[in-house]
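Descriptive analysis of the structure
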Amino acid sequence: MKTSKTKNSKLKLVIRIIVVFIILNIIACPIITKVIYDSMFPRYDCDPIVIEGKYEAIVANRETEKFSSGDNELVGYLYDSDEQDVLVVVVPGMNASMDEYLPQILRFSEEGWGVFTFDPTGTCLSEGKSMIGFEQELLDLDEALTFVESNGNFGYEKIVLFGHSRGGYAATAVPLFDHDIACIISIGGINSAMEGIMEPAVGMMGGFAYANYPMLYLYNIMIFGKGYVDANAVEAMDKTDVPTLIIHGSEDERIAVDKYSTYSHQADIEATDVNDEVDYILATEEGCNGHSDILRNSEGEANIELMEEIISFIAQNVQ
């Protein structure tokens, strides 16, 4: 009998330990999730970029525009054109000022196209204590396009989206929110916010990140709502017929081309029956095939060959 009682006591102790462990995990998981998630999207402040040489003229004539996204005021620039035909909306990547895309903005301006760009929430000139999350840029772009539309597209007939990195994801997903877009260029983008979150989370937490996926998903829904969290490039291309050019670097060090990138979902996109106007470019030239250097040559100017392909794609779809 003593042996049986001893075994029962040990069993009860194990059960109690398991119950306490489960309770502690239930309490700790949301806290750990919030701490890790928030650490991924701190505020990004930047020093003003020195404007000189060939950029001076377009910068001198740009107009500052401000609009609201949630409780924050975002700052943008309008580079106006006399032709009033095409307006390219440049959507910056994470940890990037809108001025970092001046080489591309200048090239669009040389085509006679207008350009509108902005600093997302929690970035540089715009308000916000943090960048909040991947979905925030989608929300910001949604608000930016609503602002542009409320101003009669600033007189332009057609809107083109040019997004890089987190901005590339936002550009491909935003058609789900009923904006009239002529075409989209996405460079180094992810397919969905949750896929973008999981890549660095796995790097930080290992396999535990997958076990924590439901909590990450619920936390994102609490912040942004299910519509923004679930929005993704594949779904947007399935439900719309917006011509899209997807570009990725073969040696992208931040968003691996074969994992969470929009480019890696090529088979899923091509399996849809709606949008057959999706083109792909895999940049393989050494020095111009990473996440950021895909945009620039060794002198820091716009990647000429890539920009010419982008200009050609836009021209074909705004006629």
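Since this is a predicted model, take the numbers as computed values, not measurements. (Residues numbered from 1 in each chain as written. Predicted model: local features only at pLDDT ≥ 70, side-chain atom pairs only at ≥ 80, totals over all residues. Heavy atoms only, no water.)

1. Concerning the pattern of salt bridges
- Within this structure, the stated rule accounts for 8 salt bridges.
- For Arg107, the salt bridge goes to Glu110, with nearest N and O atoms at 3.9 Å. In this pair, Arg107 and Glu110 both sit in helix α3 (residues 102–110), 3 residues apart, roughly one turn of the helix.
- The partner of Asp230 in a salt bridge is Lys226, with the nearest N and O atoms 2.5 Å apart. Separated by 4 residues within a single helix, Asp230 and Lys226 lie in helix α9 (residues 226–230), roughly one turn from each other.
- Several salt bridges converge on common partners, so that one network encompasses Arg107, Glu110, Glu111 and Glu308. (Salt bridge = Lys/Arg side-chain N within 4 Å of Asp/Glu carboxyl O. Helix = DSSP H or I, 4+ residues; strand = E, 2+ residues; numbered from the N terminus.)

2. So, the layout of surface pockets
- Empty space within the largest pocket amounts to approximately 270 Å³.
- Every residue lining the largest pocket is counted, 13 residues in all, and those nearest its centre are Met94, Phe134, Gly196, Pro200 and Arg254.
- Estimates place the volume of the second largest pocket at around 220 Å³.
- Surrounding the second largest pocket, Ile281, Ala283, Thr284, Glu285, Cys288, Asn297, Asn303, Ile304, Glu305, Leu306 and Glu309 form its lining.
- Of all the elements in the fold, those that place two or more residues in the lining of the second largest pocket are β8 (278–283) and α12 (304–317).
- In terms of residue count, the dominant contributor to the lining of the second largest pocket is α12 (4 residues).
- Looking at side-chain class alone, the lining of the second largest pocket contains 5 nonpolar, 3 polar and 3 charged residues. (1 Å grid on protein atoms, 1.4 Å probe; cavity = no way out; pocket = protein on both sides within 12 Å on 5 of 7 lines; lining within 4 Å. Points joined across faces, edges and corners; volume = space filled by probe spheres on them. Nonpolar A, V, L, I, M, F, W, Y, C, P; charged D, E, K, R; others polar.)

3. Observations concerning the side chain of Ser186
- On the secondary structure map, Ser186 appears in strand β6 (residues 183–187).
- Separated by 3.2 Å, the side chain of Ser186 and the backbone oxygen of Gly168 make a polar contact.
- Leave out the neighbours within four places in its chain, and Ser186 touches Gly163, Gly168, Tyr169, Thr172, Leu245, Ile246 and Ile247. (Polar contact = N/O pair within 3.5 Å; in protein donor to acceptor, adjacent residues only side chain to side chain. Contact = heavy atoms within 4.5 Å.)

4. Re α3
- Within α3, 7 of the 9 residues are buried, leaving the element largely enclosed by the surrounding structure.
- Elements in contact with the buried residues of α3: α2 (56–61), β2 (72–79), β3 (86–91), β4 (114–118), β5 (158–164) and α12. (Buried < 20%, exposed > 50% of the residue type's maximum accessible area, 1.4 Å probe, protein only.)

5. A closer look at unusual backbone geometry
- Unlike most non-glycine residues, Ile132 shows phi in positive territory, near 70 degrees.
- Its identity as a non-glycine residue notwithstanding, Asp178 has a phi of 60 degrees, on the positive side.
- Structurally, Asp178 can be placed in the loop between α5 (166–173) and β6.

6. Overview of the state of the cysteines
- For the coordinates displayed, the defined rule picks out 1 disulfide.
- In this model, Cys46 is linked to Cys124 through a disulfide, with the two sulfur atoms separated by 2.0 Å. Note that Cys46 is positioned in the loop between α1 (2–40) and α2 and Cys124 in the loop between β4 and α4 (134–150), a separation of 78 residues in sequence.
- Look at Cys124 and you get buried, because its relative accessible area is 10%. (Disulfide = S-S within 2.5 Å.)

7. Regarding the packing of aromatic side chains
- Applying the stated rule across the entire model yields 14 aromatic pairs.
- Aromatic side chains Tyr77 and Tyr79 sit 6.5 Å apart centroid to centroid with 80 degrees between the ring planes, which places their arrangement in the edge-to-face category.
- Overall, the relative accessible area of 10% leaves Tyr77 in the buried class.
- Judged by relative accessible area, Tyr79 falls into the buried class, the value being 3%.
- Between Phe177 and Tyr228 the ring centres are 4.8 Å apart and the planes differ by 20 degrees, which places this aromatic pair in the stacked class. (Phe/Tyr/Trp six-rings, centres within 6.5 Å; stacked < 30°, edge-to-face > 60°.)

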